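A closer look at the structure
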Amino acid sequence: MKKSVLLGLATSVAVSAAPISLSDAINMAKAGNSQIKAEKAKVDMAESGQSEAFSRFMPQLTLTASVTKINDPIYIDLNQIRSGMIQVHGTEAYQSYYSQYYSDYYKQYYDQAYQAAITQGADEATATATAKKAADQAGTQAGTKAGAEAQKQTEEKLNEALPSFEKKVQDDVFFNARLTAIWPIFTGFKIYSAYDAAKENVNAKKAAFDMAQNTILMDVATKYFTLRLAEELTQLRERTKKNLEEHLARSKKLEEGGQISKAERLRAEVALAEAENALEDSYRDQTLARLALASLLHTDTNLTAITPVMAPEQTFGMEEFKQLAMDRHPGLRQLRTERKRSQDAVSAARADYYPTVALFAYKELYTRDLTILEPEWAVGAKLQWDLFKGGETRSKVSNAKALDRSLSSMEEQTMDNIGLLVEKRWREMEHAKSRLESLKKTRELAEEAHRSQTLAYEAGLATGLDVVDAELALSRLQVADLKAHYDAVIAWLGLLEASGEVVNAGEMLKNVKPVEEKAAEVSKPEEAKAEEKKPAEPAPAAVETVPPAVETVASDSTNAAASPSTNVIANPEGVKQSTAADSVNTAPASNH
């Protein structure tokens, strides 16, 4: 009852699931995956950084305005100069009047003193000396008195006429507004290096975006084909179960007619029960694979994969894939852009050896509060050259060069690793294709053996055990074929991942048509009746138990009876490391 409910639920989910191609799944992941969106935002940030780096080539225009309050107004006191000017003019007036009065009084008193001395009987020399002395005293007294009066009047007049020489140059509250332009015209190529580094940073972020997208889409493609493999395995096990049900029905009729033993009918029932268990596991694996893909695509819609598990025919050889990987692998591209950035860092470090030259200009927009010492506008050029910085510049250059050497070594190692990765995945794909070729004829033989054993059993020429063995051997070969196709597709996707082309996988598989499956649609009643009507000519091959080739494949399945099925959903990578016979087991082999 529990198995019936589980099978019914799985069937209803499969019927209601929305079909989706690999191309659709990739497009959904590109549009909705959070990590891809985050990496895309980093690319946008890097592009903004490039625009910012380019802006450094342009002049900077700045408008500034401020209002300021200081403790006291600022004055310029020049009253000492004013006093000196007044004193100078007073002295000039004094000297002028002194000279004039001295000359006038000297002449007047000289003549009078000379005549008085002559009258008193003094000789001429004595009279002259006495006259000079008297005239000098009279002139000095008169000139000093007149000069002092003139100096006083002059200084009083000037003191009244001249204003105060104290000037207020700044109020305690003042406002200013200025428009400033600065244009660096030479920075030792530092601006050029910074712009190149920003441009390479954009390329690095784009490579990181491609790397993240490549990895995520590889995961999407792997889970997609895991779901497709689980669906095809489910269909295969449904056919196996149907065939075993038909065989059991025939066995019951033959047992009722006394043509076969009860043991043969019981063996058919055991094989059917084991097939039902394998189908139940397939439904469970299919559900898990569907949930894993839906979770990765951020959708709650039930999905069913429609792109066949089949790798396209290769147009490139291994060496061509290696060259594509060397040119397009996102990780290698990111490493190369990082190396270019390190080379720009060397140039930027060397820029400190050169001077920096810039042009500047400013214009005062509010001049009312300007002091007498501040101009309304100015233009000029400025040079700055750090002549000695204690070896800092040399250390920066050495550090940048060491980083470049490190990235160069990492690039060489990465190229070797990518070459080995491409070769490994190429050989895995070729191995899977060779397995497909080897299984092709074996599968045809197993189909024919199944048909022959079924007819022989109905004719009484073979046992039920022979039919069950043939059915299980055919089922194992069909599963091995599916998993070989899966391994080939996963290896092919690995080659696309190495060359950064997973995003185009859906388009590459659009025109791929699945190989027409020669499924086990045998043992139908109509065919059986048609065979019964033919003359009975039992060929020796029809009465053989299992053809040798098919029996070899069946015997290679280790512990088949102990392991009813292999979980290919839980560990799809494990499929690639095992052979077709070792890794596949849909139903237990019979124990003779």
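Quick caveat: nothing in here was measured; it's all calculated off a predicted structure.

1. Observations concerning the overall build of the chain
Counting its regular elements, the chain contains 17 helices and 8 strands. Per-residue burial for the chain yields a buried fraction of 41% across its 592 residues. Contacts in the chain between residues far apart in sequence, at least 24 positions, make up 87% of those at least 6 positions apart. Carbon and sulfur atoms form 54% of the exposed surface of the chain, whose accessible area is close to 32600 Å².

2. Description of the environment of Asn79
With respect to the secondary-structure elements, Asn79 resides in helix H4 (residues 79–119). Taking C-alpha positions, Asn79 is 9.7 Å from Lys167, a pair spaced 88 residues apart along the chain. Not counting residues within four places of it along the chain, the set of residues in contact with Asn79 comprises Ser164, Phe165 and Glu166.

3. Details of a nonpolar patch on the surface
Taken together, the side chains of Leu61, Leu63, Leu179 and Leu365 define a hydrophobic patch exposed on the protein surface, amounting to about 410 Å² of accessible area. Inspection of the secondary structure puts Leu61 in strand S2 (residues 60–69). Take Leu61: its relative accessible area is 63%, and that puts it in the exposed class.

4. Some points on the pattern of salt bridges
The final tally for this structure, using the stated rule, is 33 salt bridges. Between Glu231 and Arg228 there is a salt bridge; the shortest N-O distance is 3.9 Å. With a gap of 3 residues between them, Glu231 and Arg228 both fall in helix H6 (residues 190–256), about one helical turn apart. You can call Glu231 buried: its relative accessible area is 4%. On the basis of relative accessibility, which here comes to 16%, the residue Arg228 falls in the buried class. Ionic pairing is found between Arg336 and Glu411, a salt bridge with its closest N-O pair at 3.2 Å. With Arg336 in helix H9 (residues 330–350) and Glu411 in helix H10 (residues 392–458), the pair connects residues that are 75 residues apart, well separated along the chain. Since its relative accessible area comes to 25%, Arg336 is described here as partly exposed. Residue Glu411 is classed as buried on the basis of its relative accessible area of 13%. When salt bridges that share partners are traced, they join Lys190, Asp352, Glu392 and Lys396 into one network.

5. Comments concerning the sheet that holds strand S7 (residues 356–364)
Across the sheet, which stays open at both edges, the 4 strands sit in the order S2-S5-S7-S8 with antiparallel pairing between neighbours. Strands with a single pairing partner mark the edges of an open sheet, and in this sheet they are S2 and strand S8 (377–384). With strand direction ignored, the average angle separating the axes of adjacent strands in the sheet is 25°.

6. Observations regarding the nonpolar core
Nonpolar side chains tend to gather and get buried jointly when the protein is soluble and globular. Residues Leu22, Val220, Tyr224, Phe225, Leu297, Trp492 and Leu493 are the most contacted members of the largest nonpolar core, which totals 54 residues. Counting residues per element, the ones that place at least two in this core are helix H2 (22–32), helix H3 (34–55), H6, helix H7 (262–296), strand S6 (303–305), helix H8 (318–328), H10 and helix H11 (464–498). Ignoring anything within four residues of it in the chain, the contact list for Leu493 reads Met218, Ala221, Thr222, Phe225, Val502 and Ala505. In terms of nonpolar packing, the next biggest core, distinct from the first, is built from 8 residues, Leu248, Ala271, Val468 and Leu472 among them.

7. Quick notes on the packing of aromatic side chains
Overall, the coordinates contain 18 aromatic pairs when judged by the stated rule. Measuring from centroid to centroid gives 5.8 Å for Phe54 and Phe57, while their planes differ by 55°, and the two rings are tilted. Pairing Tyr94 with Tyr98 gives two aromatic rings, centres 5.9 Å apart and planes at 15°, and the pair type is stacked. Here Tyr98 and Tyr94 lie together in helix H4, a separation of 4 residues that amounts to about one turn. Accessibility expressed as a relative area gives 24% for Tyr94, which makes it partly exposed. An aromatic cluster of three or more residues is present, and its members are Phe54, Phe57, Phe186, Phe189, Tyr192, Tyr195 and Tyr354. The ring of Tyr362 has Arg178 lying over it, and the distance from NZ or CZ to the ring centre is 4.0 Å.

8. Things to note about H11
Between the first and last C-alpha of H11 there are 51 Å, a value that for 35 residues agrees with the 51 Å anticipated at 1.5 Å per step. With 34 of 35 residues buried, H11 lies mostly within the body of the structure.

9. Digging into unusual backbone geometry
Of note in the backbone geometry, Phe189 takes a positive phi value of approximately 70° without being a glycine. Along the polypeptide, Phe189 turns up in the loop between strand S5 (173–186) and H6.

10. What about the packing of H8 against H10?
Packing of H8 against H10 leaves a shortest axis separation of 9 Å and a crossing angle of 140°. One element, H8, and the other, H10, form an angle in the oblique class. Crossing handedness for the pair H8 and H10: right-handed. Every residue of H10 that contacts H8 at Met318, Phe321, Lys322, Ala325 and Met326 is listed here: Met415, Ile418, Gly419, Val422, Glu423, Trp426 and Arg427. Residues that form the contact of H8 with H10 fall into these classes: 8 nonpolar, 1 polar and 3 charged.

11. Re the environment of Asn399
Here Asn399 is to be found in helix H10. A residue is classified by how much of its surface remains accessible, and Asn399, at 56% relative accessible area, is exposed. With 54 residues separating them along the chain, Asn399 and Ala345 place their C-alpha atoms 9.3 Å apart.

12. Examining the environment of Arg394
The topology assignment puts Arg394 in helix H10. Between the alpha carbons of Arg394 and Tyr353 there is a distance of 9.0 Å; along the sequence they are 41 residues apart.

13. Brief notes about H6
The terminal C-alpha atoms of H6 lie 98 Å apart, and with 67 residues this matches the ideal 99 Å at 1.5 Å per residue to within 8%. Note on H6: the residue one or two positions beyond its end, Gly258, has a positive phi of about 75°.

14. Remarks on the packing of H6 against H11
In a pair of packed helices, the angle between the axes and the distance between the axes together describe the arrangement. Two elements in contact, H6 and H11, have axes whose closest approach is 10 Å; the angle formed by their N-to-C orientations is 170°. One element, H6, and the other, H11, form an angle in the roughly antiparallel class.

15. Things to note about the confidence of the model for the chain
Mean pLDDT over the chain: 78, with 83% of residues reaching 70 or higher. Under a pLDDT of 50 for its full length, residues 1–14 has, in the predicted model, 13 contacts with residues more than four places off or in other chains. Counted against residues more than four places away or in other chains, residues 515–592, with its pLDDT under 50, gives 137 contacts.

The rules behind the values
- Residues numbered from 1 in each chain as written.
- Predicted model: local features only at pLDDT ≥ 70, side-chain atom pairs only at ≥ 80, totals over all residues.
- Heavy atoms only, no water.
- Helix = DSSP H or I, 4+ residues; strand = E, 2+ residues; numbered from the N terminus.
- Buried < 20%, exposed > 50% of the residue type's maximum accessible area, 1.4 Å probe, protein only.
- Contact = heavy atoms within 4.5 Å.
- Areas by Shrake-Rupley, 256 points an atom, 1.4 Å probe, with all protein chains shown as cover.
- Patch = residues over 30% accessible without salt bridge, like charges linked within 9 Å, V, L, I, M, F, W, Y side chains within 5 Å.
- Salt bridge = Lys/Arg side-chain N within 4 Å of Asp/Glu carboxyl O.
- Pairing = 2+ DSSP bridges.
- Axes fitted to C-alpha atoms, helices over the stretch in contact; angles between N-to-C directions.
- Core = buried A, V, L, I, M, F, W, Y, C linked by side-chain atoms within 4.5 Å.
- Phe/Tyr/Trp six-rings, centres within 6.5 Å; stacked < 30°, edge-to-face > 60°.
- Lys NZ or Arg CZ within 6 Å of the ring centre and 35° of its normal.
- Expected span 1.5 Å × (residues − 1).
- Parallel < 35°, antiparallel > 145°, perpendicular 65-115°, else oblique.
- Left-handed = near helix turned anticlockwise from the far one by under 90°.
- Nonpolar A, V, L, I, M, F, W, Y, C, P; charged D, E, K, R; others polar.
- pLDDT = per-residue confidence, 0-100.

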